[in-house]
Amino acid sequence: MAARPRVAVVGAGAAGLATLKALRDAAVPAVAFETAGTVGGLWVYGTPGSPAYRTLHLNTSKGRTQFADHPMPADWPDYPDHTRVAGYLADYADRFGLREDVLLGHTVERVTRAADDTWTVQATGPDGPVRVDVEAVVVANGHNRVPKLPDGYPGECTAEQLHSHDYRGPDQLAGRRVLVVGGGNSAMDIAVDASYAATRTLLSLRRGVWVVPKYLLGRPSDTLNGALARRLPWRLRQRISQTMLTTTVGPPSRYGLPAPAHGFLQDHPTLSDGLLSRLTHGDIHARPGIARFAGARVEFIDGRTDEVDLVVWCTGYRVAVPFLDAALLGDGADRLPLYRHVFHLDAPGLAFVGLMQSTGAAFPLVEAQARLVAGRLAGTWAPPDPARQAAACRAELCAATARWGQRRPHMRVDFDAYLAELDRELAAGRRRAGAAR
């Protein structure tokens, strides 16, 4: 590090690297703490804590995923695999000289706030404890680290159980009767993997989801919604996109899947080219929610029963920020009101980059969030007064709850609308900072 750091960044995945880059651009010295032995976060297959599996690919197209100032290679496929994405993040770190600001193999144990609103970060590294005192802390450690298992079903399950976080590849499924539980992207990927490797594959969904193929009308499907987003409100986009999807692909019930109770664009999109094909060929068997277990037998809510050898729980993750005082997290990190999903309302100098769930890719959003953080610390961007920040959080939560219900409304953002909002916020905050000088 060329200078004593003013900022500590927790994590050196996509969010942490984007934050370091923005801070460098703003001439704000920073240091990042990364538990793994390399940069890249969850995309680095095989590193401790990474949920990446051998068949993992982007589920958003490269043009809608790449950083604005570091495009993905033009000759790459539209949906690169994890190896390419991890290499892309490594190249990003190298191109902008970010590695010298990262302490690899360092796990943050405690972050404390002093009376003068400075911060102390305590970490454990290869050579023992490390402590830094800084003006600000940016939490960029991601929220796909702590597996969330179901609370439990009646009966006892004697089949082997595995969370998707610990899935690495089809070898774990070979020759087994596999039940995959969940409706997200990892569930679809693992069910497709199982349909080629397992002796029988079941996919259980407690509630319906919209399954979107990765290509529609000959183009990556997320580019179509992106074109609409620049012109239309989400309700109108919903009607158009849902009509297009049911016309070209058919409703989920056509494939034996439960009908979604929510409209399209009211949950994180589930993208899969392989799932629908494998369902129609009988290589994956759709099932509703689980009613109970009886040894190796599972009974579903429609009364059907099946024998299984392996249950793969694709049931998501808990948002964990164990190094922060619980008082700073209120009702929990996934319910924390943050101005523009970035800034803590009551703790100056504490910011979060990447603590959100987007309808699209994350990379452009964390890049934009990082610019706000860097602007604030460089003094070129200023937030509105505290009352207006709190009012903005309440309005965003109300709108998110109306759209997404109680499925983590504090964290939900519409990719295109939020990216545009962050652009407006950056300009407005620069005007506020200029007026204050």
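Remember, predicted model here, so these are calculated numbers, not experimental data.

J.: How would you sum up the sheet that holds strand 19 (residues 305-307)? Please name residues and give values.
T.: If you trace the three strands from one edge of the open sheet to the other, you get 17-18-19, paired in antiparallel fashion. Taken across any chain shown, the strands that pair with only one partner, and hence form the sheet edges, are strand 17 (290-294) and strand 19. Strand-to-strand twist across the sheet, computed as the mean angle between neighbouring axes with direction ignored, equals 20°. Pairing geometry for strand 17 and strand 18 (residues 297-300), over four bridges, is antiparallel. Within strand 18, the position partnered with Arg292 by the bridge is Glu299.

J.: Break down the nonpolar core for me, with residues and values.
T.: Counting 93 residues, the largest nonpolar core has Val7, Phe67, Val180, Leu203, Leu257 and Leu275 as the members making the most contacts within it. Ignoring anything within four residues of it in the chain, the contact list for Phe67 reads Ala14, Ala18, Tyr88, Leu89, Tyr92, Phe363, Val366 and Glu367. Counting residues in hydrophobic clusters, the runner-up holds 27 residues, among them Ala8, Phe323, Leu324 and Ala347.

J.: How would you sum up empty space enclosed by the protein? Please name residues and give values.
T.: Enumeration according to the criterion identifies three cavities of 30 Å³ or more in this entry. Per-element tally for the lining of the largest cavity: the top contributor is helix 5 (residues 221-229), with five residues. By residue class, the composition of the lining of the largest cavity is 13 nonpolar, 10 polar and six charged. Roughly 50 Å³ of internal volume is contained in the second largest cavity. Classifying every residue of the lining of the second largest cavity gives seven nonpolar, three polar and no charged.

J.: Just give me the short version of the pattern of salt bridges, but keep the residues and values in it.
T.: In total, this model carries 27 salt bridges according to the counting rule given. One network of salt bridges, with partners in common, ties together Arg340, Glu396, Glu421, Glu425 and Arg432.

J.: Tell me what's going on with the pairing of strand 1 (residues 7-10), and back it up with residues and numbers.
T.: Consecutive side chains of a regular strand alternate in pointing toward one face of the sheet and then the other. Burial along strand 1 is two-sided: the face carrying Val7 and Val9 and the face carrying Ala8 and Val10 are both buried. In the sheet, strand 1 pairs with strand 7 (residues 136-139) via four bridges, with the strands oriented parallel. Within the sheet, the bridge partner assigned to Ala8 lies in strand 7 and is Val137. Alignment of strand 1 against strand 2 (residues 30-34), held across four bridges, turns out to be parallel. Bridging across to strand 2, Val7 finds its partner in Ala30.

J.: Residue-level account of the pairing of strand 20 (residues 310-313), with values.
T.: By the alternation rule, side chains of strand 20 split into Leu310 and Val312 and Val311 and Trp313, which are all buried. Pairing of strand 9 (residues 160-163) with strand 20 involves four bridges; the strand directions are parallel. When the sheet's bridge partners are listed, Glu160 is paired in strand 20 with Leu310. Pairing of strand 10 (residues 177-181) with strand 20 involves four bridges; the strand directions are parallel. Paired with Val178 across the two strands is Leu310, which belongs to strand 20.

J.: Outline the sheet that holds strand 6 (residues 128-134), listing residues and values.
T.: Reading across from one edge, 4-5-6 is the order of the three strands in this open sheet, with antiparallel pairing throughout. Edge strands, defined here as strands with exactly one partner in the open sheet, are strand 4 (107-113) and strand 6. Neighbour to neighbour, the strand axes of the sheet diverge by 20° on average, direction disregarded. As paired elements, strand 4 and strand 5 (residues 119-125) share six bridges and run antiparallel to each other. Residue Thr112 lies in a different strand from strand 5, and its bridge partner there is Thr120.

J.: Tell me what's going on with the packing of aromatic side chains, and back it up with residues and numbers.
T.: Following the criterion strictly, the structure yields 13 aromatic pairs and no others. Consider the rings of Tyr153 and Trp313, whose centres lie 5.9 Å apart with planes at 10°: the pair is stacked. A residue pair is termed long-range when its members are at least 10 positions apart, and Tyr153 in the loop between strand 8 (146-147) and strand 9 and Trp313 in strand 20 qualify at 160 residues. Taking relative accessible area as the criterion, Tyr153 reaches 26% and is therefore assigned partly exposed. Its relative accessible area of 3% is what places Trp313 among the buried residues. Ring pairing ties together the aromatic residues Phe67, Trp76, Tyr88, Tyr92, Phe96 and Phe363, which thus form one cluster. For the cation-ring pair, Arg254 lies above Tyr255, with the distance from its terminal atom to the ring centre recorded as 5.5 Å. Above the face of the Phe343 ring, Arg376 is positioned so that its terminal group lies 4.9 Å from the ring centre.

Analysis parameters
Residues numbered from 1 in each chain as written. Predicted model: local features only at pLDDT ≥ 70, side-chain atom pairs only at ≥ 80, totals over all residues. Heavy atoms only, no water. Pairing = 2+ DSSP bridges. Helix = DSSP H or I, 4+ residues; strand = E, 2+ residues; numbered from the N terminus. Axes fitted to C-alpha atoms, helices over the stretch in contact; angles between N-to-C directions. Core = buried A, V, L, I, M, F, W, Y, C linked by side-chain atoms within 4.5 Å. Buried < 20%, exposed > 50% of the residue type's maximum accessible area, 1.4 Å probe, protein only. Contact = heavy atoms within 4.5 Å. 1 Å grid on protein atoms, 1.4 Å probe; cavity = no way out; pocket = protein on both sides within 12 Å on 5 of 7 lines; lining within 4 Å. Points joined across faces, edges and corners; volume = space filled by probe spheres on them. Nonpolar A, V, L, I, M, F, W, Y, C, P; charged D, E, K, R; others polar. Salt bridge = Lys/Arg side-chain N within 4 Å of Asp/Glu carboxyl O. Phe/Tyr/Trp six-rings, centres within 6.5 Å; stacked < 30°, edge-to-face > 60°. Lys NZ or Arg CZ within 6 Å of the ring centre and 35° of its normal.

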